[in-house]
Amino acid sequence: MDDYYRQYNSNVHRGVHHLSAKATTAYEDARAKVARFINAASDREVVFTRNASEAINLVASSWGMANLQPGDEIILSVAEHHSNMVPWQLVAQKTGAVLKHVQLTDTQELDMQHLRQLVTPSTKLISLVHVSNMLGAVLDVEAVVAAARPVGARVLLDACQSVPHMSIDVQALGVDWIVASGHKAMAPTGIGFLWGRLEVLETMPPWMGGGEMIQDVFLDHSTYAAPPARFEAGTPSIAEAIGLGAACDYLSAIGMDKVHAYEQEIGSYLYERLAALNNVTIYGPPPNVKRGRASLASFNVGGLH
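Note that this is a predicted model, so its numbers are computed, not measured. Every chain begins its residue count from 1, and numbering advances along the sequence as written. Reporting of local features is limited, given that this is a predicted model, to residues whose pLDDT is at least 70; pairs of side-chain atoms are given and counted only at 80 or more, and all residues count toward the totals for whole chains, interfaces and linings. Excluding hydrogens and water, the side-chain values take into account all heavy atoms of the structure.

S.K.: Break down helix α4 (residues 86-95) for me, with residues and values.
M.R.: Accessible area is worked out with a 1.4 Å probe on protein chains only. A residue is then buried under 20% of its type maximum, exposed over 50%, and partly exposed in between. Helix numbering and strand numbering both begin at the N terminus, where a helix is a DSSP run of H or I of at least 4 residues and a strand a DSSP run of E of at least 2. Listing the buried residues of α4 in full gives P87, W88, V91, A92 and T95. What you see down the axis of α4 is that its buried residues fit within an arc of 135°, all on one side. Counted as exposed and oriented over 90 degrees from the buried face of α4: Q93 and K94. Against the buried residues of α4 lie α3 (52-67), β2 (73-77), β3 (98-102), β4 (123-129) and β5 (154-158). What the arc measures is the spread of directions leading from the helix axis to the C-beta atoms. Here, residues are in contact when the closest pair of their heavy atoms is within 4.5 Å.

S.K.: So what's going on with the nonpolar core? Residues and values would help.
M.R.: Where a protein is soluble and globular, its nonpolar side chains tend to be buried together. Residues grouped as a nonpolar core are buried Ala, Val, Leu, Ile, Met, Phe, Trp, Tyr and Cys residues, joined through side-chain atoms within 4.5 Å. If you look at the biggest cluster of nonpolar residues, it comprises 63 residues, and the most contacted ones within it are I38, F48, L115, V175, I178 and F193. A per-element tally of this core places helix α9 (residues 238-254) first, with eight residues. Apart from residues no more than four positions distant in its own chain, L115 is found in contact with I75, V102, I126, V144 and A147. Residues L68, W88, L201 and M204 belong to the second largest nonpolar core, which totals 25 residues.

S.K.: Tell me what's going on with the pattern of salt bridges, and back it up with residues and numbers.
M.R.: Only one rule defines a salt bridge in this text: a Lys or Arg side-chain nitrogen within 4 Å of an Asp or Glu carboxyl oxygen. A full pass over the atoms with the stated rule returns 15 salt bridges. Between D176 and R197 there is a salt bridge, with its nearest N and O atoms 2.3 Å apart. Separated by 21 residues along the polypeptide, D176 in the loop between α7 (170-173) and β6 (177-181) and R197 in the loop between β7 (192-196) and α8 (198-201) bring together distant segments of the chain. With relative accessibility at 0%, the residue D176 sits in the buried group. Taken together, the salt bridges that share partners define one network made up of R149, R154, D176, R197 and E199.

S.K.: Before we move on, could you go through helix α10 (residues 256-275) and cite the residues and values that matter?
M.R.: How far a helix is expected to stretch is found by multiplying one less than its residue total by 1.5 Å. Over its 20 residues, α10 runs 28 Å from end to end, which matches the ideal 28 Å to within 8%, given 1.5 Å per residue. Taken together, the buried positions of α10 are occupied by M256, V259, E263, G267, Y271 and L274. Here the buried residues of α10 occupy an arc of 90° about the axis, which is enough to place them on one side. Seen from the buried face of α10, the exposed residues on the opposite side, beyond 90 degrees, are D257, K258, Y262, E265 and E272. Check the buried side of α10 and you find it contacts α2 (18-37), α9, β10 (280-282) and β11 (299-301).

S.K.: Pulling in residues and values, what's your account of the state of the cysteines?
M.R.: The disulfide criterion used throughout: a pair of cysteine sulfur atoms within 2.5 Å. Overall, the coordinates contain zero disulfides when judged by the stated rule. The closest cysteine sulfur to the non-disulfide-bonded C160 is located on C248, 13 Å from its own sulfur. Among the residues examined, C160 registers a relative accessible area of 9% and is labelled buried.

S.K.: I'd love a proper account of a nonpolar patch on the surface, names of residues and values included.
M.R.: A grouping of M186, Y250 and I254 is seen on the molecular surface, where their side chains present a nonpolar patch of about 330 Å² in accessible area. Among the secondary structure elements, M186 is positioned in the loop between β6 and β7. Residues form patches when they are more than 30% accessible in relative terms and have no salt bridge. Like charges link within 9 Å. Nonpolar side chains (Val, Leu, Ile, Met, Phe, Trp, Tyr) link within 5 Å. Surface accessibility in these figures is a Shrake-Rupley result with a 1.4 Å probe; residues are shielded only by whichever protein chains are displayed.

So this is what it looks like as C-alpha cells:
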C-alpha cells in the first residue's frame, strides 16, 4: 500500500500511461491472490467490495430483486449478523418474499433438522453464517447444500469468521456465493469481497451504474461488462485491495491449517479456563462437538449484566 501511494498512485483500468498500467496490474494481482486463497476456479469470480455488508447487499439487490417473487422463501437463522438479516428484510419488503429462520440446538448450533423442515419447493435462497462471530458455532455446509439443491435454492455463506481462520475451498463447499471482509484478515478497513460461481454472476444484473461496469454507452441505454467489472462501478479502493492481497500472501505463507490448529488450541484453553469459573456462562457449543468451535468465547458473568 505504501508503494502504491508513493510510486504509482493512479486510477485503474482507464489510463494508458505507465502509472495507471502499473496500478491496474497490482489491483488485478490482488484479485488473483484472493482467488488463490479461497481456491476459486477463476479470479473473475472475485468481486471487490467495501466490506462483507456491501457484498451481501450486492447479491440482495442484484440477484434478489431480479429473481424473488411474492411467496418465495428466504431462509436465514436466528444467529445471523445484522449484515445478513437487514438486506434480505429490505428485499422481502419489496418483492413479497417470505423470511424463515433456522433455530438453534441445545448446544447452540444451527439446527439442521429444523432447516430441512423449513425447506420447501418455494425456497429460493438459504443465506447463513459459516462461523458465528458470537456463538463460535461452525455450520454444517454440506447439510445445507444437500437441503438446498433438490429444490433449486441458492446458498450464500457469510464467511467473515471462517476465511481468516481456516482453510477455505469454495469449489469444495458447493455454495453459490461467499462474502468476507478484509479487516478481519489483517487487511485494511474499507475492503472486502464477494465470491460467486461465474455462471451465477453472469446471470446477475448490475446493481450500481457508473464507469468501468459498462461495455457500451448510448444516450438511452447501455450494455454491461462481464463480471467482475459489472459489479465494480467507479473508482475502486485500489490501495485497500492491494493490502488485502498482501494479507492473503501473509496468511498463506504461515499456512491456514497451522493458523486453524493454533487457534483451536488456544480457543479450547480459553473455553476450559472460563468454564472452570463460578457464575460464568459461556455461549455456543463446547469444543468437543463434531465440527468444533471457533476460537472465541462470548460469556456472561452472573450479576454483572
